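# Structural features, examined
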Amino acid sequence: MTEVDLQDGGAATDPAPDRPSVLRRYRWWALGLVVALVATAVVVQQRGDARAADRLAVLAQVPGVLAPLDAHVAARWTLPADQASVVYGRPVAGVLLGGSSGADGFHLQGVEAASGRLLWRTPVDVPNDETLWSWCRPVTSSSGTPLAVCTAGPDAPAALIALSSRTVWTVDPTTGTVLTSRRVRGNSTILVTDDQLLMTSGTVDGDWDVTSVDPSDGGARWSYRLPRGQRGTGQVQPQLLDAGSGRVLASMAGQASVLDRSGRALTTLSTDPGTWWVALRSGAQIGRGSSAGTGPRSVLLLPDLTTVAVSEQPVAVTIDDGSAPDVLLTRSEDGSALVARSVTTGGALWRAALEVRSTIVVQGSVYVGTSTGIVALDAGTGAVRWTRDLDRPVETLSTDGDDLVTVVPPTSLAAYSRLDGAPAWDVDLSTADLPTQVASVALSAGVPHPLVWGTDGSVVVVGRATAGTG
């Protein structure tokens, strides 16, 4: 600017007859400035788009997060009723696994998660009473190979389960080859973590052992005998819980031990008889028990193994991207408030008067489905970012990164902007062009697309329509 002032203020001894206008004199400079501003805006936009794409790519790896979705949906693939149960599990090496019984016996089966194509079907031997339910979980072998652990057992009252048996298999997810098979009692607890397969077994003296098994060959890695708890509590089998960071919480009849990856007890707790433990976010757990005359009582177990007595219940966070790692979430004993506590001290950080029906944590925000709508809160402070009143309970809440997606029973989906809660789109899937009569709609952590259950028991996986899907 100073240079311009000097140039205009200089005396001219021989003024030119045709003095150019300011616009003419600076037109090239002005044009260059416009071009530079446009180029800068384009670069900023590209960088913003790239950052947004990066955020969505990171979120896409979080279990339960949906692929990009809108009101224009079409069938991606369909599974018949005898294969439909695989959608409840998490994929292993791109394969969904499950079990199914039929006239030709019980089979484990693998379905390609991207296409719904049946890859393999492996017959396995089970007694007749073991054909009613099954599940499969991913596990990584000591060599880093992705495997699946599957089990099948009876669907019966606890007293009958204790007298029956169940089978546990380790399976190669890509071929269906059974690597190991083991028969255990019906009341044996099975836990599969990222890299461990753990089982409990009772002794003739009434004690219980926890054994870590190599999923590749079935060999025992270590065994730990649980401290003898109170007798006569009615608990027929121990509880095993993945406590994160390679730890396992084992509990039976008022005694709980936290074991490290080698089976060493890091701490042992005495709790109320029948205490049941639930994993919270950020590596914390909450135990719920009761004593005569006192009613329900809870204890928080923090990652540093300290405990804090609280009067709260667990909150199920169905999608958690790990943001705000210093915050754990519970709800008040009467269910009228969401409570945030420090994962370091257990102290209360904030409290929001909400009747919680569903909860997800994404990029520093807590999104809560309530009895009447959706509320977005700052995870660190509890400040309300926005509220969307819907005059209906929100029992199921998910996201595709841009929008929050809810199920509107029985057959619809509705989405709201994650930024401000504004309605984004909605669709009634009973009116969509699908290969089945729609009975209900659901979301599953194992499949990044909505699930449409048919009246015939089949399941249709739907996604955003493209030129190839309608």
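Residues numbered from 1 in each chain as written. Predicted model: local features only at pLDDT ≥ 70, side-chain atom pairs only at ≥ 80, totals over all residues. Heavy atoms only, no water.

### Regarding the packing of aromatic side chains
Here is the rule we go by: For Phe, Tyr and Trp, rings pair up if their centres lie within 6.5 Å, where Trp contributes its six-membered ring, and each pair is then called stacked (planes under 30 degrees apart), edge-to-face (over 60) or tilted (otherwise). Helix and strand labels come from DSSP, where a helix needs a run of H or I of at least four residues and a strand needs a run of E of at least two; each type is numbered from the N terminus. When a residue's accessible area, from a 1.4 Å probe over protein chains only, is under 20% of the maximum for its type it is buried; when over 50% it is exposed; and in between it is partly exposed.
Applying the stated criterion across every chain yields a total of three aromatic pairs. Here Tyr88 and Trp453 contribute two aromatic rings whose centre-to-centre distance is 5.8 Å and whose plane-to-plane angle is 20 degrees, an arrangement assigned as stacked. Of this pair, Tyr88 sits in the loop between β1 (73-79) and β2 (95-102) while Trp453 sits in strand β35 (residues 447-454), placing them 365 residues apart in sequence. Taking the relative accessible area as the measure of exposure, Tyr88 reaches 59% and is therefore exposed.

### A short note on the state of the cysteines
This is how the line gets drawn: The rule for a disulfide is simple: a pair of cysteine sulfur atoms within 2.5 Å.
By the definition in use, this model includes one disulfide. Here Cys136 connects covalently by a disulfide to Cys150, the sulfurs 2.1 Å from one another. Every disulfide takes its handedness from the sign of the S-S torsion; for Cys136 and Cys150 that torsion is 110 degrees, giving right-handed. With Cys136 in strand β5 (residues 133-140) and Cys150 in strand β6 (residues 146-153), the pair connects residues that are 14 residues apart, well separated along the chain. We classify Cys136 as buried; its relative accessible area is 7%. According to the relative accessible area criterion, Cys150 is buried, its value standing at 1%.

### Focus on the side chain of Arg341
To keep it simple, the criterion reads: Any two residues whose heavy atoms approach within 4.5 Å at even a single point are treated as in contact.
Note that Arg341 resides in strand β24 (residues 338-342). Ignoring any residue separated from it by four or fewer positions in sequence, one finds Arg341 in contact with Leu300, Val310, Glu312, Asp326, Val327, Leu328, Gly346, Gly347, Ala348 and Leu349.

### With respect to the sheet that holds strand β15 (residues 255-259)
To be explicit about the condition: Any two strands with at least two DSSP-identified bridges between them are counted as paired. Interaxial angle, 0 to 180 degrees, is taken between N-to-C directions of lines fitted to C-alpha atoms, where a helix line uses only the stretch in contact.
A sheet is described by the order of its strands in space; here four strands give the open sequence β13-β14-β15-β16, paired in antiparallel fashion. The open sheet is flanked by β13 (239-244) and β16 (265-270), the only strands paired with a single partner. When the angles between neighbouring strand axes are averaged without regard to direction, this sheet yields 20 degrees. Pairing geometry for β13 and strand β14 (residues 247-252), over five bridges, is antiparallel. Residue pairing in the sheet places Leu241 in a bridge with Leu249 of β14.

### Considering the side chain of Thr399
Defined as follows: As used in this structure description, the phrase polar contact means that two N or O atoms lie within 3.5 Å; if the pair is within protein, one of them must be able to donate a hydrogen and the other to accept it, and residues adjacent in sequence are counted only when both atoms belong to side chains.
Position of Thr399 among the secondary structure elements: in strand β30 (residues 397-399). Its relative accessible area of 0% is what places Thr399 among the buried residues. Here the side chain of Thr399 touches Gly401 through a polar contact of 2.9 Å, landing on its backbone nitrogen. Beyond its immediate sequence surroundings of up to four residues, Thr399 is in contact with Val65, Leu66, Ile319, Ile360, Val362, Leu404, Val405 and Arg418.

### Some points on the environment of Ala316
With respect to the element layout, Ala316 can be found in the loop between β21 (312-314) and β22 (317-320). On the accessibility criterion, Ala316 (57% relative accessible area) is exposed. The spacing of Ala316 and Arg357 is 41 residues in sequence and 9.1 Å in space, taken between C-alpha atoms.

### Some points on the sheet that holds strand β23 (residues 327-332)
Read from one edge of the open sheet, four strands run β21-β23-β24-β25, paired in antiparallel fashion. This sheet does not close on itself; its edge strands, each paired only once, are β21 and β25 (348-352). Within this sheet the neighbouring strands show an average axis-to-axis angle of 35 degrees, counted without direction. Pairing of β24 with β25 involves four bridges; the strand directions are antiparallel.

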